[in-house]
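Chain by chain, the residues run as shown.
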Amino acid sequence: MILTVTLNTALDITYRVPALTPHASHRVTEVTERPGGKGLNVARVLAALGHDVTVAGFAGGDTGRSLHERLAEAPHLTDALTPVDGATRRTLAVVDSATGDTTQLNEPGPLISPAEWAAFLDSYEELTRRPGTAAVALCGSLPPGVPVGAYALLVRAARAAGVPVLLDTSGEPLRRGVAARPDMVKPNADELAELTGSHEPSRATRDARRRGAHAVIASLGAEGLLAVTPDGSWQAAPPVRVHGNPTGAGDSAVAGLLSALAEDLPWPDRLARAVALSAATVAAPVAGEFDRATYEDVLGRVTVRGDG
Ligand SMILES: Nc1ncnc2c1ncn2[C@@H]1O[C@H](COP(=O)(O)OP(=O)(O)OP(=O)(O)O)[C@@H](O)[C@H]1O
Ligand SMILES: O=P(O)(O)OC[C@@]1(O)O[C@H](CO)[C@@H](O)[C@@H]1O
C-alpha cells in the first residue's frame, strides 16, 4: 500500500472558456468537478496503475462530503481522510481553449483546530506503521492552523517507521521539510529556485540535496526531470512537448516515481515512467487523470541520460 497525504484537499473545478481575457465576461463551455489537492491526484494515478493506495488528510463540509462520495467509487483507493468542522476548499482552473493556457485560483482551505491536527497525527502514525506500507507522499500546501513545520514532523515520523517518504510542497514548509531529510523531494523549477536562490537547475538541485534531501527530482516543465540521487544523476525528457492542461502533471510524476519505487525498479526506469505519465497527464483534460494511449506511446521514447 502507498499512502498519500493531502493536508489541503480540494474540490477541483475546471472551467473551459474559448479565450480568457481580463476585465471581460466569459461563457464557460465545459465544467468538470473532481476531488483534488496534489496527494489525491497522485492517489488516483497510482490506483489507475493498479496500486493499492490510502489517502490521508482532512475533509469537511459539503465539499468534503462530495470528496468522500467520489473517492468511495474509485477502485484500489481507501479513504482515511480525518473529519474537520471547516469546509474543504475549492480550486478553480480556467483553461483557455485558444492557447491551452491554464489560470489557477486556489482557496486557502479550512481552519484546522489543534484537536483536528492531533487526530490526523494519530491516524498518520498508525498508517505509516501498518505492515505493508511501501511509501508515503506528502503533497501540497498547508491549510490555516496547521504548523509550518508540519511536513518536517511527518517526514521524521515516516523515517522512524522505516517507510520511504517523498515531499512535494513549496515555500517555508518545503524548506523545513527538506531539512528533516526526506528520501525524495520533487520541486518544480520555481519551488527549487525559491528554496535555493539559484535559477540554474543543476546547481539548485545539488544545493537542495545539501540542505537534507537524499534524492532531488526537479520537474522542469516540458524539458522533463532532473534527478540527483545517492545512486547517480540523470536527466529524463519526453520526446515532444505535449499540448494540453499541465495541471497535475507534477502529481503524475510523483505517482510514477512512487509506483516504480514500490515495484523496485532502478532510477532510469522510475524517471522514464514519471516523464511518460506526466506527459500523458498534460494530454488529459483534468488533473489526476492521464491519457493511457499517450502514456504507452511516450514511455518507450523517453530519453534518459546520466551517470548512474
Ligand atoms: N508540455 C509538456 N509536454 C510534455 N511533458 C510535460 C509538459 N509539461 C510538463 N510535462 C511533464 O510534467 C512534469 C511536471 O511538470 P511541471 O514541471 O510543470 O511540474 P509542476 O509545476 O509540479 O506541475 P503541477 O503543479 O501543474 O502539477 C515535467 O517534469 C514533465 O515531465
Ligand atoms: O494549493 P496546493 O495544494 O499547492 O495546490 C492545489 C492544486 O492546485 O494542485 C493540484 C494540481 O497539482 C490541483 O489538483 C490542486 O487543487
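As a starting point, this report considers the structure included with it.

Cut-offs and rules
Here the residue numbers are simple positions, counted from 1 along each chain's written sequence. Chains and ligands are labelled sequentially in the order written, the chains with letters from A and the ligands with numbers from 1. Restriction of local features to residues with pLDDT of at least 70 applies here, the model being predicted, together with a cutoff of 80 or more for giving and counting side-chain atom pairs; totals for whole chains, interfaces and linings are based on all residues. In computing side-chain values, all of the structure's heavy atoms are included and hydrogens and water are not. Secondary structure elements follow DSSP: runs of H or I no shorter than four residues count as helices, runs of E no shorter than two count as strands, and numbering proceeds from the N terminus. It is over C-alpha atoms that the radius of gyration is taken, and the globule rule equals 2.2 Å times the number of residues to the power 0.38. Working definition: with a 1.4 Å probe on protein chains only, accessible area under 20% of the residue-type maximum means buried, over 50% means exposed, and in between means partly exposed. Contact between two residues is taken to exist if any of their heavy atoms lie within 4.5 Å; hydrogens are not considered. Joining through side-chain atoms within 4.5 Å is the link that ties buried Ala, Val, Leu, Ile, Met, Phe, Trp, Tyr and Cys residues into a set, and such a set is a nonpolar core. Distance and chemistry together define a polar contact, namely a pair of N or O atoms within 3.5 Å, with one atom able to donate a hydrogen and the other to accept it when in protein, and with adjacent residues in sequence counting only for side-chain atoms on both sides. Grid spacing is 1 Å over the protein atoms alone, the probe is 1.4 Å, and a cavity is where that probe fits but cannot get out, while a pocket is an open set with protein on both sides within 12 Å along at least five of seven lines and lining residues have an atom within 4 Å of a point. Grid points are joined across faces, edges and corners, and a volume is the space filled by probe spheres set on the points. Just so you know the grouping, Ala, Val, Leu, Ile, Met, Phe, Trp, Tyr, Cys and Pro go in nonpolar, Asp, Glu, Lys and Arg go in charged, and all remaining residues, Gly too, go in polar. Throughout, the term near means that a residue has one or more heavy atoms lying within 4 Å of the molecule or strand in question. Where accessible areas are quoted, they stem from the Shrake-Rupley method and a 1.4 Å probe; at the residue level, only the protein chains shown are allowed to cover. As a rule, the C-alpha atoms of each element are fitted with a line to give its axis, helices using only the stretch in contact, and angles between N-to-C directions run from 0 to 180 degrees. Each angle is binned into one of four classes, with values under 35 degrees roughly parallel, values over 145 roughly antiparallel, values of 65 to 115 roughly perpendicular, and all other values oblique. Whether a crossing is left-handed or right-handed is set by the direction in which the near helix is turned from the far one by less than a right angle, anticlockwise for left-handed and clockwise for right-handed. Strand pairing is assigned whenever DSSP identifies at least 2 bridges connecting the two strands. By the criterion used throughout, a crossover qualifies as right-handed when its path from the first strand across the helix to the second strand runs clockwise, the strands pointing away from the viewer.

Considering the overall build of the chain
Part 1: Helices and strands together make up the secondary structure of the chain, namely 10 helices and 15 strands.
Part 2: A compact globule built from 308 residues should have a C-alpha radius of gyration of about 19 Å, and the chain, at 18 Å, falls within 12% of that.
Part 3: Expressed as lengths along the three principal axes of its C-alpha atoms, the size of the chain is roughly 50 × 45 × 40 Å.
Part 4: Across the 308 residues in the chain, those meeting the buried criterion constitute 52%.
Part 5: Summarising the internal contacts of the chain: among those between residues at least 6 apart in sequence, 66% fall at separations of at least 24.

With respect to the nonpolar core
One broad rule of soluble globular proteins: the nonpolar side chains tend to lie buried together.
Part 1: The biggest cluster of nonpolar side chains holds 45 residues, and the ones touching the most others in it are M184, I217, L258, W267 and L271.
Part 2: Tallying contributions element by element places helix α9 (residues 267–282) first for this core, with nine residues.
Part 3: Look past the residues within four positions of I217 in its chain and what remains in contact with it is M184, V185, K186, P187, L225, L226, A227, L257, W267 and L271.

What to know about the side chain of T229
Part 1: With respect to the element layout, T229 can be found in strand β13 (residues 225–229).
Part 2: The class for T229 is buried, based on a relative accessible area of 4%.
Part 3: Looking at T229, its side chain comes within polar contact range of the main-chain nitrogen of D231, at 2.9 Å.
Part 4: In terms of polar contacts, T229 uses its side chain to reach the backbone carbonyl oxygen of G232, at 2.8 Å.

Re the layout of surface pockets
Part 1: Of the voids in this model, the second largest pocket is the one considered here, and its volume is about 270 Å³.
Part 2: In terms of lining, the second largest pocket is formed by 16 residues, of which the most central are R34, R44, A74, G288 and E289.
Part 3: At the level of elements, β3 (30–36), α1 (38–48) and α2 (61–72) are the ones that each hand at least two residues to the lining of the second largest pocket.
Part 4: Tallying contributions element by element places α1 first for the lining of the second largest pocket, with four residues.
Part 5: Residue composition of the lining of the second largest pocket, grouped by class: eight nonpolar, one polar and seven charged.

Some remarks on the site of ligand 2
Part 1: In the vicinity of ligand 2, 13 residues are found, and the nearest of them are D12, K38, N41, S141 and D251.
Part 2: Note that an oxygen atom of ligand 2 is positioned 2.9 Å from one of the side-chain N or O atoms of N41.
Part 3: N106 is positioned such that a nitrogen or oxygen atom in its side chain is 3.3 Å from an oxygen atom of ligand 2.
Part 4: Taken by itself ligand 2 offers 400 Å² of open surface, and the protein chains cover 89% of this.
Part 5: Mapped onto the shell around ligand 2, the elements with two or more residues apiece are α1, β7 (89–96) and β8 (102–106).
Part 6: Here the residues of the shell around ligand 2 are counted per class, giving no nonpolar, nine polar and four charged.

A few points about the site of ligand 1
Part 1: With respect to spatial proximity, 23 residues lie near ligand 1, and among them N188, S219, G221, G224 and V242 are the closest.
Part 2: At 3.0 Å, a side-chain N or O of K186 approaches an oxygen atom of ligand 1.
Part 3: One of the backbone nitrogen or oxygen atoms of A249 is found 3.3 Å away from an oxygen atom of ligand 1.
Part 4: Burial of ligand 1 by the surrounding chains reaches 86%, relative to a free accessible area of 630 Å².
Part 5: Broken down by secondary-structure element, the contributors of at least two residues to the shell around ligand 1 are α8 (249–262) and α9.
Part 6: Among the elements that take part in the shell around ligand 1, α9 stands out by supplying four residues, more than any other.
Part 7: Taken together, the residues that form the shell around ligand 1 break down as 11 nonpolar, eight polar and four charged.

A word on the packing of helix α3 (residues 114–129) against helix α4 (residues 150–160)
Part 1: Their axes nearest at 9 Å, the elements α3 and α4 cross at an angle of 25°. One finds that α3 runs roughly parallel with respect to α4. Where α3 crosses over α4, the handedness of that crossing is right-handed. Contacts from W117, F120, L121, Y124, E125, T128 and R129 in α3 reach A150, L153, L154, A157, A158 and A160 in α4.
Part 2: When grouped by side-chain class, the residues that make up the contact of α3 with α4 number 10 nonpolar, one polar and two charged.

Considering the pairing of strand β10 (residues 165–168)
Part 1: Residues V165 and L167 point to one face of β10 and L166 and D168 to the other, with burial holding for every one of them.
Part 2: Bridging between strand β9 (residues 135–139) and β10 involves four bridges; their strand directions are parallel. Bridge pairing in β10 links V136 to V165.
Part 3: Between the parallel pair β9 and β10, the chain is carried across by α4, and the sense of this crossover is right-handed.

Read these as spatial facts, not as claims about activity.
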